[in-house]
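Here's the letter readout for the chains.
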Amino acid sequence: MRRLTGPESLRKLRPMDSAHSRCSLSTGMALASAFEVPACGVLVAESRYAHGALQEGKSEQGRFYLVLAGRARWECAERNYVLGPNTLCHIPPAEACLQEALPNEALLAYVLRYRPSLLAPSLSSQLNALGVVSLDLMNVSSQQGRVVRSVFQEMLFEQEATKEGWETMLQSRLLDLAVRVVRLARRRTRHELPAFELGNESIERVTLYVQRLKSQFFRQETVSEASRSVGLSSRQFTHLFRKVTGQRWRQYVQNLRMKHAAELLIESDRSVSAVAFESGFEDLSNFHHCFKTAHGCAPLAYREQRRIHLPEHASAVATTVPPGQVSAGFRFRGIKGWSWTTDQYLEEIPTLVGLNMNFLMNCYRSMAVSEPGAAWCNEWWQPLTKKRQEAFSEIIRLCRKNKITFCFAMHPQLASPRPLDPANPADVDAFWRHYSWMQSQGVKWFSICLDDMSWGPSGPQVCGKTHARLVNSIFERLQAADADAQMIFCPAAFWGDGTNPEHNSYLAAMGRDLHPSVFVFWNGDAIVTPRITRIAAESYRRVVQHRLFLWDNYPVNDASPTLHLGALSGREADLCEVVEGYLSNPMCSQNQINRIPLSTAADYASNPKAYNPARSIVQAIRRLGNTAAAQQTLKDLVEAYPGFIVAGGGTGTNPVRTRFGSLLESGSSAAAQELLQRMEAISAQLDRLFPAHFPATKKTVLDDVRWMKQQFAGK
C-alpha cells in the first residue's frame, strides 16, 4: 500500500490543504493528487492545519469537515464561522472558502470529499439549499453525535481495508451522512436501531453481532444499545456475548480497538489523535491510558519500538564500552547455545569478542550422544564420542585464545529415558565423568541445570535439599582438583521473586544447603517476560542467599519456525547492581541472524545505564550489513519480526503469520496481499545480498511466504 507522505505529498496537495494532510489509499488507485476523488467518487482523509495558517480553496466537489481538535475561523459565502472540536461542516460544491487557524490552535479534522452526482437530485438540492452548514455536535443528541463520528470512522476503516464492496459501502455512508446533516440542520432528530432478521435464535443473533463488531468496533454504542440492536435484554445479551466470545462486551470492544490502534501506529504515519479517533476513542487522554495499560507504553513509544531509523549517512559502528575497557555493567556477559552444532559455537566466538562479551556456555542439548539433526536423546550417562570430544576441545581452545570463559553445562534429567537418581552413587559417578573430562581440558566454569523439573512426591522442600546435595557433590570434586573451579546452578524454580509458597519452600531449602560459592541462575520476573526488574531480583536473591546469573530468555525461539530480531528492552538499568552475570538465550537454529538481537543484549550488558535500544539496533544492523541496500534489507527483516518483547506473544509466536491471519480474518485481502509481497521482496533481497549467509533465516522467511500463499489458495 503506497501512502502519500513527506515532500511528495505536500507538492501534490491542493492549496487549502497544504499545511499538512495525509490519506490512506489502496494500491491501484491512480490519483492526480493526494485529494483527487477516486473512481468510487468518495474519499476520506485526515487533515491538519498549522497554527495561523491561511488557506484558500475552491472545489467542484462537495466537502464535509469533522473537526476533532483545535479552532479556526472560516469565511464562506460572505459569512464567518468559528469551528471548534466536535464541529461538522458541509461546504457545497464550487463554494470558495478562506480559513485561518487561530493562534496556538492547530486544527485536526477529517475531510470527506465526494462527487455531487452520487447524491440523488432531491437530496443534493436540499443539502445545497442550506448553503454552508456548521453543526455543533455537542448541541445535538448524544446518539446523533456519536453516529456522525461513527460514519467517518466506518468510512476510514472500509477505505483502508478495501474489502469486497468497499466502494459501495463508502457511497452508502455518504448518503447516510448527507441525510443526517439535512435533518440535523432542520433540527430534526431521530434514533434508529439497526434492523435484525426475525426468526433467528438468540445465540445466532449474538454470533452475527460479534462478526459485525469486528468491522464496527469504533461505533459509539452502549451495551444497552447493542442488546437492543439484536432484540435482547441487556442481561440476555451480556450472558450470551460472554458465552460466544469468552469476554465481557466492553473488554471485547476495547481489545478490538486496541488491536486496530496498534496496527495503525505500525502501518501508517497517522497522528496519535487520528489513531485514537479511527479506533473509536472520543477522549485522547482515555486512549493514552487504555493503550498504555494494554501495551505497557505510550502510543508513540510503541510506534518507535517497531520502527528503525537508519541515518542517511553511515557512521562508524561504536560499542557502548570499547573492547579492553572495564565494563560499567555486568561482570560476566555472554551467551549460551541452544542445541547448536559445534560448528555454530565456533562461529560465534569471534562475534562475542567483537561485542566485548566474555562468557560462553554450551546448551545441555548440545551434549547429546545423537548426531546433529537427529532427535535429542538425553543419554547423559553415556561418554562423549571421540568426535564430539575433539570438537569441544577446539571450542575450549578457541575460547581460551580469545579470553572468553567457557562454561560446561549438562542436564541429567530433562527428557531422559533414564533420569539421574541423586541417591544412586553410580549415577552421580557417571554424571561426574563429564565434568572431570571437561576439567582436564582446562575448563574452570561449570553448570548443573535442573530446570523444568517437578518437585516429585516428596515436595518442594525435600527436592531443594536433594538438588543442593547433588550440586555440592560435583562442585566439591571439581574444587578438590582445582581451587579456582566455579559452579552455576539452574534450580527447578528459576524465575519469579521467590515469594510463591512452593517456590519459596524449594529455594529456601536449596539455598541453605547449597555451597556458598555457587552462583544461581535466575530467569527474571517470569520465564518469558517483556520486563525484568531489580525488585524481583532482590527478592529472589534474599530467598536463595546466593549470587545470581541472569539467564535471559530473549531472543530464544525454542526452535520454533519464527524469528525474534528486535532490540532487547525492558531490562532495568540497575539490575547489574544485584546480578553479577548476564547470559542471553539465543534462537535455534538461526545463530547467524541471532547476532542482531545479541548485539543489543551485549550493549545492554556492557553498560545498562547508557543503553539505548533504538541506537543499538541500528548499530547491530550495520555490523551485519556492509552496504546501504544490505542494511535496508536487514531493517525490513527486523521490522517484520520485531521479537516477542515488542510484539507480544511467546517464544513460538510468529508475527508475520499472526498479522497475515488477522488480515484475512478481517477480510482485508488487499492488505494481506501487500504483506505477502513485502515478505517475498525480503526473501529475494536476502538471497541476492547475502548469498553465503543466513541459510536458516532464509528458510524461515521462505516458509512463511509459502504458508501465506497456501492460505490464499485455500480461501
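### Focus: the nonpolar core
- Within the largest apolar cluster, 113 residues are counted, with the highest numbers of intra-cluster contacts made by L360, F406, Y435, M438, W522 and M679.
- Ignoring any residue separated from it by four or fewer positions in sequence, one finds M438 in contact with M367, L384, F392, I396, F406, F408, V443 and F446.
- F64, L66, L88 and M155 belong to the second-largest nonpolar core, a separate cluster that totals 31 residues.

### Points about the side chain of R63
- Here R63 shows up in strand β4 (residues 62–69).
- Exposure remark for R63: the relative accessible area of 1% places this residue in the buried category.
- At 2.9 Å, the side chain of R63 and the backbone oxygen of E95 are in polar contact.

### Regarding unusual backbone geometry
- The linkage connecting Y554 with the following residue, P555, adopts the cis geometry, with an omega of 5°.
- By secondary structure assignment, the location of P555 is in strand β17 (residues 548–555).
- Here the residue pair C588 and S589 is connected by a cis peptide bond, since its omega of 15° sits within 30 degrees of zero.
- Looking at the element boundaries, S589 is found in the loop between β18 (581–585) and α18 (595–606).
- Positive phi, close to 60°, is recorded for Q545, a residue that is not glycine.
- Assignment of secondary structure puts Q545 in the loop between α17 (534–544) and β17.
- On the basis of relative accessibility, which here comes to 57%, the residue Q545 falls in the exposed class.
- Positive phi is not limited to glycine here, since F694 has a value of about 60°.

### Re the confidence of the model for the protein chain
- Here the protein chain shows a mean pLDDT of 86. Residues at 70 or above account for 88%.
- Segment residues 1–34: pLDDT under 50, and 84 contacts once partners within four positions in sequence are set aside and those in other chains are kept.
- Below pLDDT 50 for its whole length, residues 314–320 participates in 14 contacts with residues either more than four positions away or in separate chains.

### Let's talk about the pairing of strand β8 (residues 97–101)
- The alternating pattern of β8 places C97, Q99 and A101 on a buried face and L98 and E100 on a face that is not buried.
- With 5 bridges joining them, strand β5 (residues 72–76) and β8 adopt antiparallel strand pairing. For A72, the partnering residue across the bridge sits in β8 and is A101.

### Re the pairing of strand β16 (residues 519–522)
- Neither face of β16 is exposed, since F519 and F521 on one face and V520 and W522 on the opposite face are all buried.
- Direction of pairing for strand β15 (residues 486–490) relative to β16: parallel, over a ladder of 2 bridges. The residue of β16 that forms the bridge with F489 is V520.
- The parallel pair β15 and β16, bridged by helix α16 (residues 501–513), forms a crossover whose chirality is right-handed.
- For β16 and β17, the ladder comprises 3 bridges, and the chain directions are parallel. Residue pairing across strands places V520 opposite L548, the latter belonging to β17.
- The parallel pair β16 and β17, bridged by α17, forms a crossover whose chirality is right-handed.

### Description of the sheet that holds β15
- Strand order in this closed barrel of 8 strands is β11-β12-β13-β14-β15-β16-β17-β18, and the pairing throughout is parallel. Neighbour-to-neighbour, the strand axes of this sheet turn through a mean angle of 25°, independent of strand direction.
- When strand β12 (residues 359–361) meets strand β13 (residues 405–410), the two strands line up parallel, connected through 3 bridges. Its bridge partner being in β13, M361 is matched across the sheet by C407.
- Where helix α13 (residues 386–401) meets the sheet, it contacts β12 and β13, and its direction lies at approximately 145° from that of β13.
- Strands β16 and β17 of the sheet are contacted by α17, whose axis makes an angle of about 140° with β16.

### Thoughts on the environment of V579
- With respect to the helices, strands and loops of the structure, V579 is situated in the loop between β17 and β18.
- In this structure V579 comes out as buried when scored by relative accessible area, which is 1%.
- With 247 residues separating them in the primary sequence, V579 and F332 have C-alpha atoms 9.6 Å apart.
- Not counting chain neighbours up to four residues away, the residues in contact with V579 comprise F330, W522, A537, L548, F549 and L550.

### Notes on helix α14 (residues 425–440)
- Relative to the 22 Å expected for 16 residues at 1.5 Å per residue, α14 spans 22 Å between its end C-alpha atoms, a close match to the ideal helical length.
- Turning to α14, its buried residues number three or more, namely D427, V428, A430, F431, W432, H434, Y435, W437, M438 and Q439.
- The inward-facing, buried residues of α14 abut α13, β13, β14 (445–449) and α15 (460–481).
- Where α14 terminates, the next one or two residues include G442, which has phi positive at roughly 95°.

### Points about the packing of α16 against α17
- Running from N to C, α16 and α17 point in directions that differ by 55°, and their axes come no closer than 7 Å. As judged from the angle between their axes, α16 and α17 are oblique. Here N504, L507, A508, M510 and G511 of α16 lie close against α17, whose contacting residues are Y540, V543 and V544.
- For the contact of α16 with α17, the per-class residue count stands at 6 nonpolar, 2 polar and no charged.

### Focus on the packing of aromatic side chains
- Under the definition given, this model contains 42 aromatic pairs.
- Relative to Y252, the ring of F241 lies with its centre 5.4 Å away and its plane at 80°, an arrangement referred to as edge-to-face. Of the two residues, F241 sits in helix α7 (residues 234–245) while Y252 sits in helix α8 (residues 249–267), which places them 11 residues apart along the sequence.
- Pairing Y582 with Y604 gives two aromatic rings, centres 5.8 Å apart and planes at 65°, and the pair type is edge-to-face. Placement of the pair is Y582 in strand β18 and Y604 in helix α18, with a sequence separation of 22 residues. Judged on exposure class, the residue Y582 and its partner Y604 are both buried.
- An aromatic cluster of at least three residues, connected via ring pairs, comprises F332, F359, W445, F519, F521, F549 and W551.
- Its guanidinium or amino end placed over the ring of F281, R257 lies 5.8 Å from that ring's centre, counting from NZ or CZ.
- Note that R547 overlies the ring of F519, its terminal NZ or CZ placed 3.9 Å from the centroid.

### Considerations on the pattern of salt bridges
- In the structure shown here, the tally under the stated rule is 31 salt bridges.
- For E580, the salt bridge goes to R331, with nearest N and O atoms at 3.4 Å. Placement of the pair is E580 in the loop between β17 and β18 and R331 in the loop between α11 (299–305) and β11 (332–336), with a sequence separation of 249 residues.
- Its salt-bridge partner being D513, residue K465 comes within 3.5 Å of it at the nearest N-O pair. Of this pair, K465 sits in helix α15 while D513 sits in helix α16, and the two are 48 residues apart along the sequence.

Definitions and cut-offs
Sequence order as written defines the numbering, with residues in each chain counted from 1. Owing to the predicted nature of the model, reporting of local features is limited to residues with pLDDT of at least 70; listing and counting of side-chain atom pairs is limited to 80 or more, with chain, interface and lining totals taken over all residues. Only hydrogens and water are removed before side-chain values are computed, so all heavy atoms of the structure are retained for them. For the purposes of this section, nonpolar cores are sets of buried Ala, Val, Leu, Ile, Met, Phe, Trp, Tyr and Cys residues that join through side-chain atoms within 4.5 Å. Burial here depends on accessible area, computed with a 1.4 Å probe over protein chains only, as a share of the maximum for the residue type. Under 20% is buried, over 50% is exposed, and the range in between is partly exposed. Note on contacts: a residue pair qualifies if any of its non-hydrogen atoms lie within 4.5 Å across the two residues. Helix and strand assignments come from DSSP, with helices taken as H or I runs of at least 4 residues and strands as E runs of at least 2, each series counted from the N terminus. Under the rule applied, a polar contact is a pair of N or O atoms within 3.5 Å (in protein, one hydrogen donor and one hydrogen acceptor; residues adjacent in sequence only if both atoms are side-chain atoms). Scored from 0 to 100, pLDDT reflects the predictor's confidence in each residue. DSSP bridges decide pairing: two strands pair if at least two such bridges lie between them. The definition of a right-handed crossover adopted here requires that, viewed with the strands pointing away, the path from the first strand over the helix to the second runs clockwise. Axis lines are fitted through C-alpha atoms, for helices just across the contact stretch, and the angle between N-to-C directions can take any value from 0 to 180 degrees. A helix is expected to span 1.5 Å for every residue after the first. In this scheme, roughly parallel covers angles under 35 degrees and roughly antiparallel covers those over 145, while 65 to 115 is roughly perpendicular and the rest are oblique. Polarity classes work like this: nonpolar for Ala, Val, Leu, Ile, Met, Phe, Trp, Tyr, Cys and Pro, charged for Asp, Glu, Lys and Arg, and polar for all others, with Gly in that last group. Stacked, tilted and edge-to-face are the three classes applied to pairs of Phe, Tyr and Trp rings, where Trp contributes its six-membered ring and a pair requires centres within 6.5 Å; stacked means planes under 30 degrees apart, edge-to-face means over 60, and tilted covers the rest. Ring-over charges, as used throughout, are those where CZ of Arg or NZ of Lys falls within 6 Å of the ring centre and within 35 degrees of the ring normal. Take a side-chain nitrogen of Lys or Arg and a carboxyl oxygen of Asp or Glu: if they are within 4 Å of each other, that pair is a salt bridge.

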